[in-house]
Amino acid sequence: MTIRFKTGHFTTGVFALALLGSTALGCMTAQAADQEISWIYCGDKIDPIHEKYIKEWEGKNAGWKIAPEVVGWEQCQDKATTLAAAGTPVGMAYVGSRTLKEFAQNDLIIPVPMTEDEKKSYYPNIVDTVTFEDNQWGVPIAFSTKALYWNKDLFKAAGLDPETPPKTWAEEIAFAKQIKEKTGTAGYGLPAKTFDNTMHQFMHWVYTNNGKVIDGDKIVIDSPEVLAALQAYKDITPYSVEGATAYEQNEIRAIFLDGKVGMIQAGSGAAARLKDTKINWGVAALPLGTSAKGEGTLLITDSLAIFKGTGVEEKAAEFAKYITSTDIQHEYELQGGAGLTPLRPGAVVDEFVAKEPYWKPFIDGIAYGGPEPLFTDYKGFQNTMIEMVQSVVTGKAEPADALKKAAADLEQYK
């Protein structure tokens, strides 16, 4: 359900004194040394790279302290939302960029505009993931894309060239069929559980066929491009894992790691796990639909959102841009084998890809990728998309009918 409240501005003691004018400056000296930017930090612990640069920033900004609070992934965004709704917001929080429109429309966060140079520093389309009404509402801090993994031994057993992955949806469906019929093993791993990545996985198909869900405030999902994606889902289902609605992407990945599915779409984390298995695998760009303009993928970013009403908004925005600046971000993204797709190009990324060639398709897909669609009720959007996918893969609805229903249902959430 969409949050339907507006929080008023409130001030800390220090900020209130600042409003009194220059005569209060002498009184502020002691308190200024204690100015703190609270940060809801998602995860199990603070990353050592971030710890290092928090200290560096504090050293350069006397009187300021960053106070991260580590909160588990499942609770961190809800905690930030609850505090903001109660009128006691944190200075900054790690959030899924998909929620920024909802936060912005409820007056809970401030925009963090980017200069043209800042926008150009990112890979194409990244800035769109945080942009609403021509303004940026968060600073990207983490990014993921997907690619196609295939089991070369299953390809060979099915009579397919083990070194040639499918390049189109038609080939992908045909290869999945051949694997299933020749080996008795699922040709493709299609996740359709009631879980957020069921929507994410379908969006990869939308963006590999030049489709869209929403354009500004106009719902455009009921299009030939998206219908083709949903039809492809129906066509590949008979050759996929049985009972797709029982699986989410990590469970599908586990089946692939066990050698029991021919192809999956997954993030870079799968490659790290595959290195420790006996699977003979390859990774390539996601196959394309007939309307595709080039390699594509869903661009999923997480961002630092600056909450309204703390009195430290300007400094928090400054820190957010610092901790995600190019050199620091590359160090964070590419450490220990890299689990995150880089947000920006650069020589250090080129060097990394040269050493780890499997990374190339994760970056190549960015050029024609698209953002998570921004809705005022993101969960409503997500649930509508999951229901649409599930109705098709279970045979309860034909793709055209499911798409029309979804288009109508999405109107309430835009």
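Residue numbers here run from 1 along each chain, matching the order of that chain's written sequence. Note on the predicted model: pLDDT of at least 70 is required for a residue's local features to be given, and 80 or more for side-chain atom pairs to be given and counted; whole-chain, interface and lining totals, by contrast, use all residues. Where side-chain values are given, they derive from all heavy atoms of the structure, hydrogens and water being excluded.

1. What to know about the layout of surface pockets
- Quantified by volume, the second largest pocket comes out at close to 660 Å³.
- The definitions used throughout rest on a 1 Å grid laid over the protein atoms alone, on which a cavity is an enclosed set of points accommodating a 1.4 Å probe that cannot get out and a pocket is an open set flanked by protein within 12 Å on both sides along at least five of seven lines; lining residues are those having an atom within 4 Å of a point. Lining of the second largest pocket is provided by 25 residues; of these, D128, K212, I214, D215 and P371 occupy positions nearest its centre.
- Helix and strand labels come from DSSP, where a helix needs a run of H or I of at least four residues and a strand needs a run of E of at least two; each type is numbered from the N terminus. Within the residue set of the lining of the second largest pocket, elements represented by two or more residues are β4 (131–132), β9 (214–215) and β14 (370–371).
- Across the lining of the second largest pocket, the residue classes tally to eight nonpolar, eight polar and nine charged.
- Counting the residues that make up the lining of the second largest pocket, at least three belong to each of domain 1 (35–144 + 300–370) and domain 2 (147–295 + 375–411). Grid points are joined across faces, edges and corners, and a volume is the space filled by probe spheres set on the points. Three categories are distinguished: nonpolar for Ala, Val, Leu, Ile, Met, Phe, Trp, Tyr, Cys and Pro, charged for Asp, Glu, Lys and Arg, and polar for the others, with Gly belonging to the last. Start and end points for every domain follow an automatic or database-based domain assignment.

2. Section: the nonpolar core
- As used in this record, nonpolar core signifies buried Ala, Val, Leu, Ile, Met, Phe, Trp, Tyr and Cys residues forming a set joined through side-chain atoms within 4.5 Å. Categorising residues by exposure relies on relative accessible area from a 1.4 Å probe, with only protein chains included: less than 20% of the type maximum marks a residue as buried, more than 50% marks it as exposed, and the intermediate range marks it as partly exposed. Ranked by internal contacts, the top residues of the largest apolar core, which has 81 residues, are W39, Y149, F307 and F319.
- When residues of this core are sorted by domain, at least three fall in each of domain 1 (35–144 + 300–370) and domain 2 (147–295 + 375–411).
- Once residues within four sequence positions are removed from consideration, W39 is found in contact with H50, I54, I66, A67, P68, E69, M92, A93, Y94, I141, L304 and F319.
- One finds I173, M199, I219 and L286 within the second-largest nonpolar core, a separate group that totals 51 residues. Working rule for contacts: check all heavy atoms of both residues, and any pair within 4.5 Å makes them a contact.

3. Here's the deal with the packing of helix α10 (residues 224–236) against helix α17 (residues 378–393)
- The contact between α10 and α17 brings their axes to 9 Å, and the two run at 40 degrees. Compared by their axis directions, α10 and α17 come out oblique. Crossing of α10 over α17 shows right-handed handedness. On α17, the residues that touch L230, Y233 and K234 of α10 are M388, V389, V392 and V393.
- Of the residues that constitute the contact of α10 with α17, the class distribution is six nonpolar, no polar and one charged. Between N-to-C directions, angles span 0 to 180 degrees; the directions come from axes that are lines fitted to C-alpha atoms, helices contributing only their stretch in contact. An angle below 35 degrees is read as roughly parallel, one above 145 as roughly antiparallel, one from 65 to 115 as roughly perpendicular, and any other as oblique. Two helices crossing with the near one rotated counterclockwise from the far one by less than a right angle form a left-handed crossing, whereas a clockwise rotation gives a right-handed crossing.

4. Quick look at the packing of helix α3 (residues 48–60) against helix α14 (residues 326–333)
- As a packed pair, α3 and α14 sit with axes 9 Å apart at the nearest point and diverge in direction by 155 degrees. With respect to α14, the element α3 is oriented roughly antiparallel. When α3 is examined against α14, the residues I49, H50, K52 and Y53 are found in contact with a partner set consisting of I328, E331 and Y332.
- Its residues placed into classes, the contact of α3 with α14 shows four nonpolar, one polar and two charged.

5. Some words on the pairing of strand β3 (residues 92–96)
- Burial analysis of β3 places five of its five residues in the buried class, the great majority of the element.
- Neither face of β3 is open: one carries M92, Y94 and G96, the other A93 and V95, and all of them are buried.
- Taken together, the two bridges between strand β1 (residues 35–42) and β3 define a ladder with parallel strand orientation. Bridging from a neighbouring strand, I40 pairs with A93 of β3. Between any two strands, pairing holds if DSSP finds at least two bridges.

In short, geometric facts, not functional conclusions.
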